[in-house]
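A look at the structure
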Amino acid sequence: MPLLALLACTRPDLPAPDPLSVDEELLRTELTALPHREGSQPTIVLIVLDTFREDRLAAWGGEGLTPNLDAWGQQSAVYTGMQSVSSWTLPAHASLFTGHWPRRHGAEGSPPTQPGQAGRPLGPELPTLAERLRDEGWLTVGIAANRGFLNKGWGLDRGFQLWLCSALEPASPSQNYVPADRMVAMAQQVLEDREDEPLFLFLNFMDTHTPWVTRAGFGDPPRDPDLLLDPEGRATRWKTVRGEVLRGERLPTELELQVWGEAYDAEVRWLDHQLGGLLKTLEGPDLYTVVLSDHGEFLGEHGLLEHSKALYSEVTQVPLMIRGPGFSPGLDPTPVQTADVPDLLLAALGLPVLTQEKTEDLLVSELYWARRKERSDPVLRARFDHIQRSYTVDGHRLIEHSS
């Protein structure tokens with residue numbers, strides 16, 4: 001009998017197991033099956049805050065939302081010139097793992113001739129950061145909350161000896177991911193279990209992605225709950241309003257902008273609170289920790305909501321903070337992108353880099369075609385089903401798209 005099914009079989013007179021216990025038991029079983037690694041290589045922790053806007057952090061102008069991340073960043077190299085290679089999860093993570101832009105690694109949106117496909121997976125041709133570290137003696141473990149594009153079918157698990165994503169229990173029917181408190185508990189479990197071994201741990205947190213949930217103690221109740229996705233999957237005005245705005249029928253109202261911004265900020269506070277305990281354990285002279293976002297989020301700007309629709313700064317300018325030997329604390333304005341991160345790490349470790357692909361001070365972001373849910377609406381398909389590229393140099397940005 002599969003482990004999850006076995007754990008679900010409880011006596012009728014006993015309460016059902018807590019979801020965290022199920023996840024922890026699954027992780028414990030998987031860790032036990034992994035080989036032990038010998039060596040003096042440092043621990044590496046790579047943390048992606050999915051859908052996290054840079055302007056919520058103090059180094060990028062945020063005020064008081066992220067005290068834990070801000071405090072941790074004061075002792076880290078903070079790359080204020082960081083830009084994502086795209087505005088959604090799949091191509092950004094593929095670049096983070098391979099060191100190449102979407103046009104090279106190919107893990108991006110599918111063209112109109114393939115309307116039923118959500119995107120193209122990462123192929124086996126390019127080596128990945130996890131493969132390089134695994135071959136150099138690291139134990140490679142990935143835990144991903146994003147069940148949409150980080151499950152094994154998309155190829156981003158390549159090189160990881162343990163990858164947990166779709167086997168983990170989601171929070172609710174529509175909040176289809178593992179929340180930050182459970183992610184942190186599992187991360188700490190891995191770090192404690194393999195504390196004396198060379199470890200590369202990748203973590204993906206989804207809490208600032210829709211649906212935004214205002215949790216007690218982290219934000220006021222929404223002024224109009226119907227303007228948000230219901231975490232239990234019940235229909236609200238969100239879908240109607242979202243369609244009207246994205247189709248260009250009207251601009252968001254002041255109330256809508258306030259509700260979305262406040263709900264997003266509540267999730268930012270919740271995520272920062274949960275990360276606080278984890279970040280305190282990620283300190284030491286022989287430890288590398290990277291914190292970044294794969295892309296940002298539209299909260300009504302440019303008549304847009306969520307992400308993956310365009311390449312404006314709200315979704316492409318993202319935070320990047322690195323702590324470890326060779327990275328000097330302080331603000332660093334060097335222009336860097338998602339594709340540069342693996343080679344920054346490998347170079348600091350004294351290992352061969354994955355690629356020499358670099359555009360000097362030119363930052364390039366790419367977006368290929370509309371997502372599947374936009375293609376179902378003729379107006380949205382006409383607005384978003386294009387190839388888009390943005391070019392940024394010295395603070396000036398040019399965005400082009402196919403007709």
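How each quantity is defined
- Residues numbered from 1 in each chain as written.
- Predicted model: local features only at pLDDT ≥ 70, side-chain atom pairs only at ≥ 80, totals over all residues.
- Heavy atoms only, no water.
- Axes fitted to C-alpha atoms, helices over the stretch in contact; angles between N-to-C directions.
- Helix = DSSP H or I, 4+ residues; strand = E, 2+ residues; numbered from the N terminus.
- Parallel < 35°, antiparallel > 145°, perpendicular 65-115°, else oblique.
- Contact = heavy atoms within 4.5 Å.
- Nonpolar A, V, L, I, M, F, W, Y, C, P; charged D, E, K, R; others polar.
- Buried < 20%, exposed > 50% of the residue type's maximum accessible area, 1.4 Å probe, protein only.
- Lys, Arg positive; Asp, Glu negative; His and termini not counted.
- Salt bridge = Lys/Arg side-chain N within 4 Å of Asp/Glu carboxyl O.
- Core = buried A, V, L, I, M, F, W, Y, C linked by side-chain atoms within 4.5 Å.
- Pairing = 2+ DSSP bridges.
- pLDDT = per-residue confidence, 0-100.
- 1 Å grid on protein atoms, 1.4 Å probe; cavity = no way out; pocket = protein on both sides within 12 Å on 5 of 7 lines; lining within 4 Å.
- Points joined across faces, edges and corners; volume = space filled by probe spheres on them.
- Expected span 1.5 Å × (residues − 1).
- Phe/Tyr/Trp six-rings, centres within 6.5 Å; stacked < 30°, edge-to-face > 60°.

**Notes on the packing of helix α7 (residues 180–193) against helix α9 (residues 254–281)**
In the contact formed by α7 and α9, the axes pass within 9 Å of each other and the chain directions differ by 10°. By the criterion of interaxial angle, the relationship of α7 to α9 is roughly parallel. Of the residues in α9, those touching α7 at A180, D181, V184, A187, Q188 and L191 are W270, L271, Q274, G277, L278 and T281. Split by residue class, the contact of α7 with α9 holds seven nonpolar, four polar and one charged.

**Description of the side chain of D272**
Within the secondary structure, D272 sits in helix α9. Although buried, D272 forms no salt bridge, and the nearest oppositely charged side chain, R269, lies 8.9 Å from it. Leave out the neighbours within four places in its chain, and D272 touches L65, T66, P67, N68 and L69.

**Structural notes on the nonpolar core**
With 58 residues, the main nonpolar core has L203, F205 and L278 as its most contacted residues. Sorting elements by how many residues they give to this core places α9 first, with 10 residues. Excluding its chain neighbours within four sequence positions, the residues that come into contact with F205 are I47, V48, L49, D50, A145, A180, M183, V184, L271, L275 and L278. With 44 residues, the next largest nonpolar core counts A77, M82, W88 and V318 among its residues.

**A closer look at the sheet that holds strand β6 (residues 199–205)**
Across the sheet, eight strands lie side by side as β5-β4-β6-β1-β7-β10-β2-β11; this open sheet has mixed pairing. At either margin of the open sheet sits one strand with a lone partner, and together these are β5 (162–164) and β11 (330–332). Taken over all neighbouring pairs, the strand axes of this sheet differ in orientation by 15° on average, direction set aside. Sheet topology note: the strand β1 (residues 43–49)/strand β7 (residues 287–292) ladder contains six bridges and is parallel. Pairing of I47 across the sheet is with V291, part of β7. The sheet contacts of α9 involve β1, β6 and β7, and relative to β6 the element is tilted by about 170°. The sheet contacts of helix α11 (residues 341–348) involve β1, β2 (77–79), β7 and β10 (320–323), and relative to β7 the element is tilted by about 170°.

**Side note on the confidence of the model for the protein chain**
On average, residues of the protein chain score 91 in pLDDT, and 93% of them reach the 70 mark or higher. Within the model, the stretch residues 1–17 combines pLDDT values under 50 with 15 contacts to residues more than four positions away or in other chains.

**Remarks on the pairing of β10**
By the alternation rule, side chains of β10 split into L320 and I322 and M321 and R323, which are all buried. The pairing of β7 with β10 spans four bridges and is classified as antiparallel. Paired with L292 across the two strands is L320, which belongs to β10.

**As for the sheet that holds strand β13 (residues 363–368)**
Spatial ordering of the open sheet is given by β13-β14-β15, a layout of three strands whose pairing is antiparallel. Across the chains shown, the open sheet's two edge strands, defined by having one partner strand only, are β13 and β15 (396–401). In this sheet, adjacent strand axes meet at a mean angle of 15° when their direction is disregarded. The pairing of strand β14 (residues 387–393) with β15 spans six bridges and is antiparallel. Bridge assignment links S390 to a residue of β15, and that residue is I399.

**Points about the layout of surface pockets**
By volume, the largest pocket amounts to about 660 Å³. If you trace the largest pocket, you find 27 residues lining it, with H209, T210, P211, E306 and K373 closest to the centre. The element contributing the most residues to the lining of the largest pocket is helix α8 (residues 238–246), with three residues. Looking at the lining of the largest pocket residue by residue, the classes come out as six nonpolar, 12 polar and nine charged. In this model, the second largest pocket occupies a volume close to 330 Å³. Forming the walls of the second largest pocket are 18 residues, and the residues nearest its centre are T43, L191, E195, D286 and L287. No other element matches α7, which puts three residues into the lining of the second largest pocket. For the lining of the second largest pocket, a count of residues per class yields six nonpolar, five polar and seven charged.

**So, α7**
The terminal C-alpha atoms of α7 lie 20 Å apart, and with 14 residues this matches the ideal 20 Å at 1.5 Å per residue to within 8%. For α7, the tally of buried residues reaches 10 of 14 residues, placing the bulk of the element in the interior. Buried within α7 we find A180, R182, M183, V184, A185, M186, A187, Q189, V190 and L191.

**What to know about the packing of aromatic side chains**
The full count for this structure, using the stated rule, is 14 aromatic pairs. Seen from their ring centres, W88 and F149 are 5.1 Å apart, and the 80° between their planes marks the pair as edge-to-face. Linking W88 in the loop between β3 (82–83) and α4 (89–98) with F149 in the loop between β4 (139–144) and β5, this pair joins segments that are 61 residues apart in sequence. Taken as a pair, W88 and F149 share a single burial class, namely buried. Centre to centre, the rings of F160 and F202 are 6.2 Å apart; their planes meet at 50°, and the pair counts as tilted. A residue pair is termed long-range when its members are at least 10 positions apart, and F160 in the loop between β4 and β5 and F202 in strand β6 qualify at 42 residues. Taking the relative accessible area as the measure of exposure, F202 reaches 0% and is therefore buried. Grouping aromatic residues by their ring pairs yields a cluster made of F97, F160, W163, F200 and F202.

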